[in-house]
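The lines below spell out each chain.
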Amino acid sequence: MRWVRRFSKLFAVFAVALLLFVVTGASDRLVLYAHILKLYTQTPDTRLAMPLEDVRKQSIADTWQAARGEGRKHEGQDIFATRGTPILSATSGYIYNIGENNLGGQTVSIIGKGGRVYYYAHLDSYARGIHIGDRVTTRTVLGYVGATGNAQSTPPHLHFGVYTSSGAINPLPMLTDRLPPTATRQETRPRSQLINRKA
Ligand SMILES: [Zn+2]
């Protein structure tokens, strides 16, 4: 029964090729899941770097849980800036999702320590060459400020959300200015002159 042996050999080669195809295709995801498992064992960040380099925390109008129509409440903070301003990751972590949805428009989600997910929305565009599973630091540009999704009728801004396993939490108390302390001391303008737009 030579043909049986030959057939089984051919089948084995085919099976191995199929297995390799499946494994290599899914390997990126498997590596990401391994990273995520490790992140879950770590304590969540308590300080978040300001995602827009030149924005000061005190210039952000607190809109956490503000009414947003249809019984919806604002699950994050809006940080206003000129369209095209680079958005830096507020934490280290891994890119969990890159995608478009009705409310958020173009969005990037980062998974960080403790399995927390950091959500960046209304992006005008994504940073070139970013992929799901990429490692990020607080120096990684994720994309650029825009007004996509339900922000089309508002001035360009970054919607920044933080999600724990039990839901959204207010990012504002954790946000920390990136500007050096010396710049803060040189700040002489009265508070009333600082940008404090509402949205
Ligand atoms: Zn928002």
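An account of the accompanying structure is given in this report.

What counts and what doesn't
- Residues numbered from 1 in each chain as written.
- Predicted model: local features only at pLDDT ≥ 70, side-chain atom pairs only at ≥ 80, totals over all residues.
- Helix = DSSP H or I, 4+ residues; strand = E, 2+ residues; numbered from the N terminus.
- Buried ≥ 20, exposed ≤ 12 C-beta atoms within 10 Å, placed from the backbone.
- Contact = placed C-beta atoms within 7 Å.
- Pairing = 2+ DSSP bridges.
- Core = buried A, V, L, I, M, F, W, Y, C linked by C-beta atoms within 7 Å.

It is worth spelling out the overall build of the chain at this point. Regarding its fold elements, the chain presents two helices and twelve strands. For the chain, the succession of helices and strands along the chain, N to C, is α-β-β-β-β-β-β-β-β-β-β-β-β-α. Of all 199 residues assigned to the chain, the portion counted as buried reaches 25%. Residue pairs at least 24 apart in sequence account for 70% of intrachain contacts in the chain once pairs closer than 6 positions are excluded.

Our focus in this paragraph is the sheet that holds strand S9 (residues 141-144). Taking strand neighbours across the sheet as the criterion, the three strands line up as S3-S9-S7 in an open arrangement whose pairing is antiparallel. The sheet terminates laterally at strand S3 (86-88) and strand S7 (125-126), the two strands that pair on one side only.

Bringing the pairing of strand S6 (residues 117-123) into the picture now. Here is the key point about a regular strand: its side chains alternate between the two faces of the sheet. Of all seven residues in S6, six are buried, a share of seventy percent or more. As defined by bridge partners, strand S5 (residues 105-111) adjoins S6 across five bridges and the pair is classed as antiparallel. In the strand pairing of S6, Ile111 is matched with Val117. In textbook terms, the turn of a hairpin is the stretch between consecutive antiparallel strands, and for S5 and S6 this stretch comprises five residues, one of which, Gly114, has a positive phi near 75°.

Right, let's talk about the pairing of strand S10 (residues 157-164) for a bit. Along S10, six of the eight residues are buried, which leaves the element largely enclosed by surrounding structure. Sheet topology note: the strand S2 (residues 77-80)/S10 ladder contains four bridges and is antiparallel. Its bridge partner being in S10, Asp78 is matched across the sheet by His159. By the bridge criterion, five bridges tie S6 to S10 in an arrangement that is antiparallel. In the sheet register, Tyr120 faces S10, and the bridge partner there is Phe160.

Our next topic: the nonpolar core. Ranked by size, the top nonpolar core spans 28 residues in total, and within it Leu52, Ile79, Ala81, Ile87, Tyr120 and Leu158 carry the most contacts. Considering each element in turn, this core owes the most residues, five residues, to S6. Among residues more than four places away in sequence, those in contact with Ala81 are Leu52, Val55, Val145, Pro156, His157 and Leu158.

A separate point is unusual backbone geometry. A positive phi is found at Gln65, a non-glycine position, where the angle reads about 65°. Summarising the element assignment, Gln65 is placed in the loop between strand S1 (48-49) and S2. Using a count of 12 C-beta atoms within 10 Å as the deciding quantity, one classes Gln65 as exposed. Despite not being glycine, His122 has its phi angle at roughly 70°, a positive value. Mapped onto the fold, His122 is located in strand S6.

Moving on, we get to the environment of Thr82. Within the secondary structure, Thr82 is located in the loop between S2 and S3. Distance in space between the C-alpha atoms of Thr82 and Pro155 is 8.4 Å, their sequence separation being 73 residues. If near-sequence neighbours (up to four positions away) are discounted, Thr82 is found in contact with Val145 and Pro156.

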